[in-house]
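# Notes for the structure review
Take a look at the letters that make up each chain.
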Amino acid sequence: MSYRAPWASDPARSKGRLHEEQNGSVRGPRDAFQRDRDRIIHSISFRRLRHKTQVFMAPDGDHFRVRLTHSLEVAQIGRTIARTLALNEDLTEALCLAHDIGHPPFGHAGEDALKAALMPSVEDGGQGGFDHNGHTLRTLMTIERPYPLWNGLNLTWETLEGLAKHNGPVQHPGWALAAADAEYPLALTSFSSLEAQVAAIADDIAYDNHDIDDGLRAGLLTLDQMLAVPLVARGWDDVRRRFPDIAPKRLVGELVRTQIGTMVNDLIAETRRRIAASGVTSVDDVRDAGQCLVGFSPEMREAERDLKRFMYANLYHHPRQLAAADAAHGIVSGLFAVYRDDPATIPEEWRERLPTEDPDRSRHIADFIAGMTDRYAVSRYRDLVGPIDLPEGF
């Protein structure tokens, strides 16, 4: 489309898909990136995100964010940034919606358990560990099977590349990402498209601010605590000036919106400056730029780091959160041990494809567990292992 910048990704110039597809009238008017977005939304893995942990374990209350709602919020922020910068909104949205599909149940606690179960050192008999970003590619390229002629969603090269390296070039990919790259080379050592860079930082903006909202709602954070963070204090001062007669409890949502707006505006201004200074004139120039062109100003980058440090110390590592994470780790570890020792407990659909030897055998079991929702993992643990006393936070 003519309104896009010359360095925006163009679906008409896509490098295509791994598997050739039959082009019939059923395809309709959608371009390649629009179809990628729709394939992601219609996938089973995307639907499961509604019962997977974001910060608080998914079974714990209906008002907290889960992976699905987080992904939708990331997509909204990403689309706004992409539209303002004249980038491809559809590719940006696809990347935002898919970026967390590889997360196992219970978020990073579940990931740590699978990482330990698949012992990292292959040389010492391990299976190469587990990484949620690599597993996103594995899920979208191998595990999802809605089509009759190939495994995976058969997404475009640009979507797969953006998911593989949305956080920057990858010098040492884990086994899952390396396998994806071997099947469909993704130029892992170069920088990604501007759309992928936008998706990565939209993720940060979303969870930086929405986790504040959830933390306050859960009672693990207080507003007085948050005001020790300079970025939050400045936002709160602005909100109080605009709404001096409104009770503080009613202003938390306005604080979150204000901070998101401040961060997005800073990002857009700094990214425009970097693009102009870099002299890029095409998508290829962006990949060869040798630096990330989408980012915060130095001042905002430091302010955002301060906020992250606070959130890790006071929310993510809160004693209640750590107790829930320990329980989650035990559930995932326990399930892996049962399935490894007694394959008959694995559902038939997965058991009939179970490899006979490691590392593929253990990786297949991890694939099954990684696709579980929080509540399904809890249910299977109780069925196969026994009762579990879940701490507050579940």
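Residues numbered from 1 in each chain as written. Predicted model: local features only at pLDDT ≥ 70, side-chain atom pairs only at ≥ 80, totals over all residues. Heavy atoms only, no water.

## Details of the overall build of the protein chain
Which entries qualify depends on this criterion: Secondary structure follows DSSP: runs of H or I at least 4 residues long count as helices, runs of E at least 2 residues long count as strands, and numbering of each begins at the N terminus. Based on C-alpha atoms, the radius of gyration is set beside the globule rule, defined as 2.2 Å times the residue count to the power 0.38. For every residue, the accessible area (1.4 Å probe, protein chains only) is compared with the maximum for its type, and the residue is labelled buried under 20%, exposed over 50%, or partly exposed between those bounds. Contact between two residues is taken to exist if any of their heavy atoms lie within 4.5 Å; hydrogens are not considered. Residue-level accessible areas treat just the shown protein chains as cover; the underlying method is Shrake-Rupley with a 1.4 Å probe. As used throughout, the charge tally considers Lys and Arg to be positive and Asp and Glu to be negative, leaving His and the chain termini uncounted. Here the site of a charge means atom NZ of a Lys, CZ of an Arg, CG of an Asp or CD of a Glu.
On a plain count of helices and strands, the protein chain comes out with 18 helices and 0 strands. Whereas a compact globule of 394 residues would reach a radius of gyration of roughly 21 Å, the protein chain reaches 22 Å, a difference of no more than 12%. For the protein chain, the spread of C-alpha atoms along the three principal axes comes to 65 × 50 × 45 Å. Sorting the 394 residues of the protein chain into buried and exposed places 56% on the buried side. Excluding contacts between residues fewer than 6 apart, the proportion of contacts in the protein chain whose partners are at least 24 apart in sequence is 71%. Only carbon and sulfur atoms are counted for the fraction: they give 50% of the accessible area of the protein chain, which is about 17,800 Å². Between the centroid of the 46 positive side chains of the protein chain and the centroid of its 58 negative side chains there is a distance of 4 Å.

## Comments concerning unusual backbone geometry
Backbone torsion omega between D358 and P359 reads 5°, so that peptide bond is classified as cis. Turning to its location among the elements, P359 is positioned in the loop between α16 (348-351) and α17 (360-370). Positive phi outside glycine occurs at A187, with the angle close to 50°. Considering the arrangement of structural elements, one finds A187 in the loop between α8 (175-183) and α9 (194-218).

## Focus: α8
Along α8, the positions that sit buried rather than exposed are W175, A176, L177 and A180. Buried residues along α8 sit in contact with α6 (132-143), α7 (157-164) and α17.

## Overview of the packing of aromatic side chains
We count it as follows: Working definition: a ring pair exists when centres of Phe, Tyr or Trp rings (six-membered ring for Trp) sit within 6.5 Å. Plane angles under 30 degrees give stacked, over 60 give edge-to-face, the rest tilted.
Scanning all chains against the criterion turns up 4 aromatic pairs. Between Y339 and F368 the ring centres are 5.4 Å apart and the planes differ by 65°, which places this aromatic pair in the edge-to-face class. Taken together, the residues Y339 in helix α15 (residues 319-341) and F368 in helix α17 connect sequence positions 29 residues apart. For the pair Y339 and F368, one class covers both residues: buried. Plain terms: the ring middles of W350 and F368 are 5.4 Å apart, the flat faces sit at 45° to each other, and that makes the pair tilted. Here W350, found in helix α16, pairs with F368, found in helix α17; they are 18 residues apart in sequence, far enough to count as distant. What makes W350 buried here is its relative accessible area of 14%. Site record: aromatic cluster; members linked through ring pairs are Y339, W350 and F368.

## Remarks on the environment of T69
Threshold: Here a polar contact means two N or O atoms within 3.5 Å. Within protein one must be a hydrogen donor candidate and the other an acceptor candidate, and residues neighboring in sequence count only if both atoms are side-chain atoms.
Looking at the element boundaries, T69 is found in helix α3 (residues 67-84). Look at T69 and you get partly exposed, because its relative accessible area is 31%. Linking T69 and R50, residues 19 residues apart in sequence, is a C-alpha distance of 7.1 Å. In this structure the side chain of T69 is engaged in a polar contact, spanning 2.9 Å, whose partner is the backbone nitrogen of V66.

## Let's talk about the layout of surface pockets
Here is the rule we go by: The definitions used throughout rest on a 1 Å grid laid over the protein atoms alone, on which a cavity is an enclosed set of points accommodating a 1.4 Å probe that cannot get out and a pocket is an open set flanked by protein within 12 Å on both sides along at least five of seven lines; lining residues are those having an atom within 4 Å of a point. Grid points are joined across faces, edges and corners, and a volume is the space filled by probe spheres set on the points. Each residue gets one of three labels, nonpolar for Ala, Val, Leu, Ile, Met, Phe, Trp, Tyr, Cys and Pro, charged for Asp, Glu, Lys and Arg, and polar for the others, Gly among them.
Looking at the largest pocket, its volume works out to about 1,200 Å³. As for the largest pocket, its lining consists of 47 residues, and the residues nearest its centre are H108, D203, D204, Y207 and Y312. Those elements that provide at least two residues to the lining of the largest pocket are α3, α5 (107-117), α6, α9, α14 (298-316) and α15. If you tally residues by element for the lining of the largest pocket, the top one is α9, at 7 residues. Each residue belonging to the lining of the largest pocket can be placed in one class, and the counts come to 17 nonpolar, 18 polar and 12 charged. Each pocket or cavity is described by its volume, and for the second largest pocket that value is around 540 Å³. The wall of the second largest pocket is formed by 23 residues, among which I44, R48, I143, E349 and W350 lie closest to the centre. Going through the elements one at a time, α2 (44-48), α6, α16 and α17 are the ones with two or more residues in the lining of the second largest pocket. Class assignment for the residues of the lining of the second largest pocket results in 9 nonpolar, 7 polar and 7 charged.

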